[in-house]
Every structure is written in C-alpha cells, then in structure tokens.
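# A look at the structure
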Amino acid sequence: MKTLQMSVKLALSVVLSLSLLSCGSGGGSSTSVKIDTPPTQIETPTETPQENIQVLFEEDIAEDIRQSEPNDINLPLGLQAAFDIEYLGAFRVNADGQSTSDYAIGALGFNPDNNSLFMVGHSHHNAIAEFAVPSNLSFETEPARIPEAAVLQPYVQVLSKKDIGNKTDKINGLLYLNQNLLVTSEIWYDGSANNADNLQVFSDALNISSSSYKGMLQLEGQARAAGYMFKVPTELRERIGSEYLTGWATNYSIVSRYSQGPSLYRFDPQQAIDSVISVDRTIDTDAIMVFPFSEGKHLVANSDHYSLDISPIWGPVTNAKFGFIIPGTTYFLAVGQHTGLHSGIGYKITQSNGNVCGGPCSYDRNDIYNYFWLFDVEDMLSADEPWLVQPVSYGKWSHPYDNKGVRGVIGGAFDELNNILYLAVSGAGQIGLYDTPPLIIGYQVKAKQ
C-alpha cells in the first residue's frame, strides 16, 4: 500500500510540474510560468511520518480559486489532506490609547491565561493592545454586523522602552510566557543590514503600560530570526531539541538581510527573561531551517529576481507573517502572501488596472493571493544543511473577507490548548470610509484522526 501511495504522489508531482509550465498569465497572455527550481525539488516524493499522504495538489495553485465566504469556505486541498481543519468565524478588534487598529501591523500573540490576543496597531505607532477572544465567533458577511472583542488593555507604545541599543521601528512578533511578553522587532529599512537589536521583554504582560522592561536584546539570527515565535508541541520537543522556535522571512525592505523563505531557529525565551542586559544581551539561536541570501542558499533559485516566470513556491515579493507546528503532526505551517505566479513581477511598472507601482509588483493587479506552505520537521532535522529543505505542499488559501487575496494575512497566533489558529486579515474590518482595521478570523487545525 505504501508503494502505491508513493507512486500516486510521484505521479501527481510530475503532473503538477508539467501543469505549472503551461499556466497562462492573469492578464490572458500566453506567457508561461516556469519553475525556477530543479525538477527534483517538486517531483521527488517526500517521506513523512504522516504515512506519505498526498499533500501537494495542482488545484491549490490554479489561476482561478473560488473565494471563501463565511458560510462557504474553500479550504486548500493540501491542508484538508494533512489536517482536520474547520473555519470558526470572525471578530472585530478596535481599541484606542496610544494607537488605533487602523493600518495595523497586525502581529498577534495568544494569552492562554486570559483567552485573549495581543495585537500590534497602526504601523506608525508600534503599540500593543489586548483583546478578549469572544465566546462565539461570527459568520456574518458584513463586517459592521460582526461583534467587537472586549478591550482588556488599550494600545501602549513599546519600542521606545529600552535600556540600550538601537530604536527599532517595526514590531514583528509577540510571545506570551508566564505573564512575560516577548516582542521582536526590526528597523524597517535597514540599508546596511547590520542591526542586531531586535528583542524586548515586558515582565507584566497584563499591564504593559506600567510593566518593567528590558531591551534591546539581540537574537543571534538577526533579521532572519526576529519574527514569529511559538511553542513546540510536547511530543516533538526532545526530537527538535527546543521548547520554542522563532523565525521570519522576506517581509519588508532590504531582502538580502532576510531568509529567502520561512526560517526556524531554536531559542529559549527564558534566557531572554532571565538575562542581565548589562552583562550579556545576546540570546542564542540555532537554525534548523533558513535560506540565507548568499548564492545557492535560497528556498528557490533567483527568488529575488523580477521576472515573468515566478515560482509557485517563492518570489521577490512573497512574505510569511506567521508559522507554527500543528500538534500531533510533524508539519510546520507558514502563512502569508504570494504574488505574480500567473503574470510575473516587475519593478515600478504600470499594472493591468493602470496603477503605477512604487516598487516591485505583479503585472496583473489581481495576481495576488493569501498563501500557505507546509514543511516537514523531519526533513529539517535530517537535512545536511538548514537551507536544503523544501516544502511538501503549498498553495493559495482563500479566506473570508480577504477580497480575493488583496487583503493579506498580516499576523497570526495559535491557541495550543484548543488547536485554534487566529489570523489577522488586513483592512477586512472596515465599516466606514476611512477606517481600516483588520478582522480576526479563526480556524481549528488538528491532526487527522
């Protein structure tokens, strides 16, 4: 039976590779999309502890993907094959204080003590608020009818609260641990790509405004590591050698400083909590998956190049804003956005709708979509180098309220007790002419029974 499963998976991978070569552009031209990775990276079946189930599907990267609606969810076949996954609904997040939820960065952190979410507000303010997760999420189609979450803490600006080091200007990730709140951040346009200051610790996450703090600490992986943080499922901690992982990707400017695909580093948040900043502010990291900019170490070869031929795996304006390991599996799931698969990417071009881009963008304005990537932790642990890992599945993930992918996933958090993934969808909570808050949507994601 296992031989048959492997044969089916190999056959599907070959069909998928051939189909990708014949994909037309989003604008109706005959421009093909070429995979710019060696064929073996797609065609070779990957052994997984999940009994080699098929998780890579041509339909998940098709040009036309049905839009998910609150009562009609279109889940990627790759995720359905790997997990028991169910859409749970949405809620709104609005708060005042030293920021608002408009134009939110949207990084999230789950607090199991309060059953709440920390969220980063307006991108100019870098402030954090806390919202109680409603007992019932909404399936309403109109954002104005979706209930707002209760505000437990109003927005508090945090990046200026440091003992030493550079002042960063973009919050990337949040981790709640035993009433401490860890905050990763970066300099958004670090032209020299040498900033090492990227981590703060607030000792009283339940009262951020008056909490003591320490920072800036320095995660060793710098911009390649200072992003999403999450707890490793209990059954994998000994195998991975760490209770927590952190990582990031090519999410902002100066991509050469980033991992050219989702990264994962072992780290110990308790080391940051216990650190004496006047003695040593370095926080150890150890990569199990990373794709440095150096030649030959990208997830996809030449993924930083603007081209008409964009890989379905990664491209020059792809991002991954959150990732975590699903308990009961060895799958690491990363979520973000991908662009240009069908029409290509250009620099400061005029798009199909007449929009003139200020930087890189897709030729077809609609050639953008929320996306997922699945990696097998066993592949990471058996790889000779941490950049020799490939995803076992990937594809478009249409979310309710995301306007066919235009409204991107900008943050995520995982409730490990209830297996609930929370995602922030940019601007989806808008109910007036000028407000632009995200909506929070929830999925229950569990191992196959």
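Computed from a predicted model, the values in this text were never measured in an experiment. (Residues numbered from 1 in each chain as written. Predicted model: local features only at pLDDT ≥ 70, side-chain atom pairs only at ≥ 80, totals over all residues. Heavy atoms only, no water.)

Our next topic: the overall build of the protein. Within the protein, the regular secondary structure consists of 6 helices and 23 strands. Each of the 449 residues in the protein was classed as buried or not, and the buried ones make up 58%. (Helix = DSSP H or I, 4+ residues; strand = E, 2+ residues; numbered from the N terminus. Buried < 20%, exposed > 50% of the residue type's maximum accessible area, 1.4 Å probe, protein only.)

If the charged atoms of two oppositely charged side chains come close together, the side chains can form a pair. The tally for this structure, following the rule as stated, stands at 10 salt bridges. With a shortest N-O distance of 2.8 Å, Arg239 and Glu378 are connected by a salt bridge. Linking Arg239 in helix α4 (residues 237-240) with Glu378 in helix α6 (residues 377-382), this pair joins segments that are 139 residues apart in sequence. Judged by relative accessible area, Arg239 falls into the partly exposed class, the value being 44%. A salt bridge links Asp286 to Arg266; its shortest N-O distance comes to 2.4 Å. (Salt bridge = Lys/Arg side-chain N within 4 Å of Asp/Glu carboxyl O.)

For residues with low pLDDT, the predicted coordinates do not support detailed interpretation. Across the protein, pLDDT averages 90, with 89% of residues at or above 70. Within the model, the stretch residues 1-49 combines pLDDT values under 50 with 91 contacts to residues more than four positions away or in other chains. (pLDDT = per-residue confidence, 0-100. Contact = heavy atoms within 4.5 Å.)

Taken in spatial order, the 4 strands line up as β1-β23-β22-β21 in an open sheet, and their pairing is antiparallel. Strand pairing shows two members of the sheet lacking a second neighbour, β1 (83-92) and β21 (409-415), which therefore form its edges. Across the sheet, the axes of successive neighbouring strands diverge by a mean angle of 20°, strand direction being ignored. (Pairing = 2+ DSSP bridges. Axes fitted to C-alpha atoms, helices over the stretch in contact; angles between N-to-C directions.)

The step from Gly215 to Met216 runs through a cis peptide bond, and the omega angle for that step is 0°. As for its position among the elements, Met216 is in strand β9 (residues 213-219). You will see that Asn115, though not glycine, has its phi angle at about 45°, which is positive. For Asn115, a relative accessible area of 32% translates into the label partly exposed.

Turning our eyes to something else, we now look at the layout of surface pockets. Its boundaries defined by the atoms lining it, the largest pocket holds a volume of some 1,200 Å³. Looking at the largest pocket, it is lined by 40 residues, and the ones nearest its centre are Asn251, Val317, Asn319, Gln337 and Pro360. Elements with a contribution of two residues or more to the lining of the largest pocket: β15 (319-325), β16 (331-339), β18 (360-362) and β21. Considering each element in turn, the lining of the largest pocket owes the most residues, 3 residues, to β18. Residues belonging to the lining of the largest pocket are distributed by class as follows: 19 nonpolar, 16 polar and 5 charged. (1 Å grid on protein atoms, 1.4 Å probe; cavity = no way out; pocket = protein on both sides within 12 Å on 5 of 7 lines; lining within 4 Å. Points joined across faces, edges and corners; volume = space filled by probe spheres on them. Nonpolar A, V, L, I, M, F, W, Y, C, P; charged D, E, K, R; others polar.)

Tallied over the full model, the rule gives 21 aromatic pairs. Measuring from centroid to centroid gives 5.7 Å for Phe83 and Tyr331, while their planes differ by 90°, and the two rings are edge-to-face. Taken together, the residues Phe83 in strand β1 and Tyr331 in strand β16 connect sequence positions 248 residues apart. Residues Phe83 and Tyr331 agree in their burial class; the two are buried. Relative to Trp373, the ring of Tyr371 has its centre 5.2 Å away and its plane inclined at 55°; by these criteria the two rings are tilted. Each member of the pair, Tyr371 as well as Trp373, is classed as buried. Directly above the ring of Trp387 sits Lys297, whose terminal nitrogen or CZ lies 4.2 Å from the centroid. (Phe/Tyr/Trp six-rings, centres within 6.5 Å; stacked < 30°, edge-to-face > 60°. Lys NZ or Arg CZ within 6 Å of the ring centre and 35° of its normal.)

Before going further, it helps to spend a moment on the side chain of Asn172. With respect to the helices and strands, Asn172 occurs in strand β6 (residues 170-177). Side-chain polar atoms of Asn172 contact the side chain of Glu186, separated by 2.8 Å. For Asn172, the contacting residues outside a window of four places in its chain are Ala107, Thr184, Ser185, Glu186, Ala226, Gly227, Trp248 and Tyr252. (Polar contact = N/O pair within 3.5 Å; in protein donor to acceptor, adjacent residues only side chain to side chain.)

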